[in-house]
Amino acid sequence: MTDDQLSLTFAALADPTRRAILARLATREATVNELAEPFAISLQAVSKHLKVLERAGLITRGRDA
């Protein structure tokens, strides 16, 4: 892991909402709607949090049609 990657990981984990999202995803896969349920934030905000986690290599995102 490079220093840049390590910085991305720590920055992603610094936010409590992202940590909560990651904890939920550790138990099972979930849709953006499911992840947004317990939070008083928009779907767009949840999507931005997911992008940060993905860029840090902590999650992968996929689409099921």
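Each chain has its residues counted from 1, running along the sequence as written. Local features are withheld for residues below a pLDDT of 70 in this predicted model, meaning they are given only at 70 or higher, and side-chain atom pairs are given and counted only at 80 or more; totals for whole chains, interfaces and linings count all residues. Here the side-chain values reflect all heavy atoms present in the structure, with hydrogen atoms and water set aside.

Okay, the nonpolar core next. Across soluble globular proteins, you tend to see nonpolar side chains buried next to one another. Definition of nonpolar core: a set of buried residues of the types Ala, Val, Leu, Ile, Met, Phe, Trp, Tyr and Cys, connected through side-chain atoms within 4.5 Å. Exposure classes here rest on a 1.4 Å probe applied to the protein chains alone. A residue is buried below 20% of its type maximum, exposed above 50%, and partly exposed in between. Counting residues in each nonpolar core, the largest one holds nine residues, listed as Ala12, Ile21, Leu35, Ala36, Val46, Leu50, Leu53, Ala56 and Ile59. Only DSSP runs of H or I reaching four residues or more are called helices, and only runs of E reaching two or more are called strands; each is numbered from the N terminus. Among the elements of the structure, α3 (32-36) and α4 (43-55) are those that each provide at least two residues to this core. For this core, the leading source of residues is α4, giving three residues. Contact criterion: two residues are considered in contact whenever any of their non-hydrogen atoms come within 4.5 Å of each other. Residue contacts for Ala12: discarding those within four places in its chain leaves Arg18, Val52, Leu53, Ala56 and Leu58.

What follows concerns the packing of helix α2 (residues 16-27) against α4. Axis definition: a line fitted to C-alpha atoms, over the contacting stretch in the case of helices. Angles run 0 to 180 degrees between N-to-C directions. Where α2 contacts α4, the two axes come as close as 10 Å, and the packing angle between them is 75°. With respect to each other, α2 and α4 are oriented roughly perpendicular. Contacts from Thr17, Arg18, Ile21 and Leu25 in α2 reach Val46, His49, Leu50, Val52 and Leu53 in α4. Under the convention adopted here, Pro, Cys and the residues Ala, Val, Leu, Ile, Met, Phe, Trp and Tyr are nonpolar, Asp, Glu, Lys and Arg are charged, and Gly plus all remaining residues are polar. Looking at the contact of α2 with α4 residue by residue, the class counts come to six nonpolar, two polar and one charged. Should an angle fall under 35 degrees it is taken as roughly parallel, and over 145 as roughly antiparallel, whereas 65 to 115 is taken as roughly perpendicular and any remaining angle as oblique.

Low pLDDT means the predicted atomic positions in that stretch should not be read closely. Per residue, pLDDT measures the predictor's confidence, with a range of 0 to 100. Of the residues in the protein, 92% reach a pLDDT of 70 or more, and the chain-wide mean stands at 92. Highest mean pLDDT in the protein belongs to α2 (97); lowest belongs to helix α1 (residues 3-13) (92).

A word on the layout of surface pockets. Approximately 540 Å³ is the volume attributed to the largest pocket. Think of a 1 Å grid over just the protein atoms. A cavity is a set of points where a 1.4 Å probe fits yet cannot get out, a pocket is an open set with protein on both sides within 12 Å along at least five of seven lines, and lining residues have an atom within 4 Å of a point. Lining the largest pocket are 13 residues, with Ala30, Thr31, Thr60, Arg61 and Gly62 positioned closest to its centre. Split into classes, the residues belonging to the lining of the largest pocket amount to six nonpolar, three polar and four charged. Grid points are joined across faces, edges and corners, and a volume is the space filled by probe spheres set on the points.

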